[in-house]
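Reading the structure
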Amino acid sequence: MLPQASKVFLARMRVFWKPMFQGRYLLLTNTVTCGGMLALGDWLQQSWVIYKDPNKVRDWKRTGCMFAVGAALGPCMHYWYQWLDRLYAGRAMKTVAKKVLIDQLVGSPTIWFFFFMGMSITEGNTAAEGLEEFKEKFWEFYKAAQMINFYFLPPKFRIVYMNFITLGWDVYISYLKHRGQDKGQSSPVVLESSSVEVLQKALPPPS
């Protein structure tokens, strides 16, 4: 049995949080949690890198970019799942399967496409570089894990659930997006053919 003080605290928290999942506040809740959890995932990922290498310096601009792009994706996810729930109402297994299939074939690829494009632009890169990175890393992060989301949860909790339950995934997304930067790798040097010939002449012949 919970103490009386705990019951009162939980009751007050319920009164405080309930409006955040209703009406226009739901859009705000989904937007803030999308940005906040991506930023938290990046903060945790950078903390792990700094723990392994204390010489690393935390990049707050990078975390801010993750928040900005996540917050921009929040309304997209909000209206996408609202449309999907209206299109296929109910929790019958056949209905859930349709939602998962459509979300994985249309929703997820589109959302992560805009994630990589948005991150590329906010970090000062070109849209072409963002597109190239998306094509390079798409299959590595493309997963299907939404059955619980569509079967057990009411629509108003759907995006918040995804944001919290996938915190580990957000950490991985941050790692995947900034993998080369965290390792201190620089861009590969491309040598012209004439430079290659000069190097070949300067090197001793193989034994």
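Definitions and cut-offs
- Every chain is numbered on its own, with residues counted from 1 as its sequence reads.
- Local features in a predicted model are, by the rule used here, given only for residues with pLDDT of at least 70; side-chain atom pairs are given and counted only at 80 or more, and totals for whole chains, interfaces and linings are based on all residues.
- With hydrogens and water set aside, each side-chain value is computed from the structure's full complement of heavy atoms.
- UniProt positions are given in the numbering used here, feature names are shortened, and annotations may be inferred rather than shown by experiment.
- Counting from the N terminus, the helices are the DSSP runs of H or I reaching at least four residues and the strands are the DSSP runs of E reaching at least two.
- By definition, residues are in contact when any of their heavy atoms lie within 4.5 Å.
- A patch consists of residues whose relative accessible area exceeds 30% and which take part in no salt bridge; residues with like charges are grouped when within 9 Å of each other, and nonpolar side chains (Val, Leu, Ile, Met, Phe, Trp, Tyr) when within 5 Å.
- Residue-level accessible areas treat just the shown protein chains as cover; the underlying method is Shrake-Rupley with a 1.4 Å probe.
- Salt bridge, as used here, is a side-chain nitrogen of Lys or Arg placed within 4 Å of a carboxyl oxygen of Asp or Glu.
- Here's how the labels work: a residue is buried when its accessible area is under 20% of the maximum for its type, exposed when over 50%, partly exposed in between, all with a 1.4 Å probe on protein chains only.

Per an unreviewed UniProt entry, the protein goes by the name Mpv17-like protein 2 and belongs to Takifugu flavidus. In UniProt, the protein has this text filed under Sequence similarities (unreviewed entry): "Belongs to the peroxisomal membrane protein PXMP2/4 family." The Subcellular location (unreviewed entry) field of the UniProt record for the protein holds the comment "Membrane".

Another point: the environment of G130. Relative to the assigned elements, G130 resides in helix 5 (residues 127–141). Separated by 10 residues in sequence, G130 and S120 have C-alpha atoms that sit 4.9 Å apart. Apart from residues lying up to four places away in sequence, G130 is in contact with F116, M117 and S120.

Before going further, it helps to examine a nonpolar patch on the surface. A cluster of nonpolar residues, L40, W43, L44 and W60, forms a patch on the protein surface that exposes about 390 Å² of accessible area. Here the nonpolar patch takes three residues from helix 2 (residues 23–52), the largest share from any one element. Residue position: W60 is located in helix 3 (residues 60–87). For W60, a relative accessible area of 56% corresponds to the exposed category.

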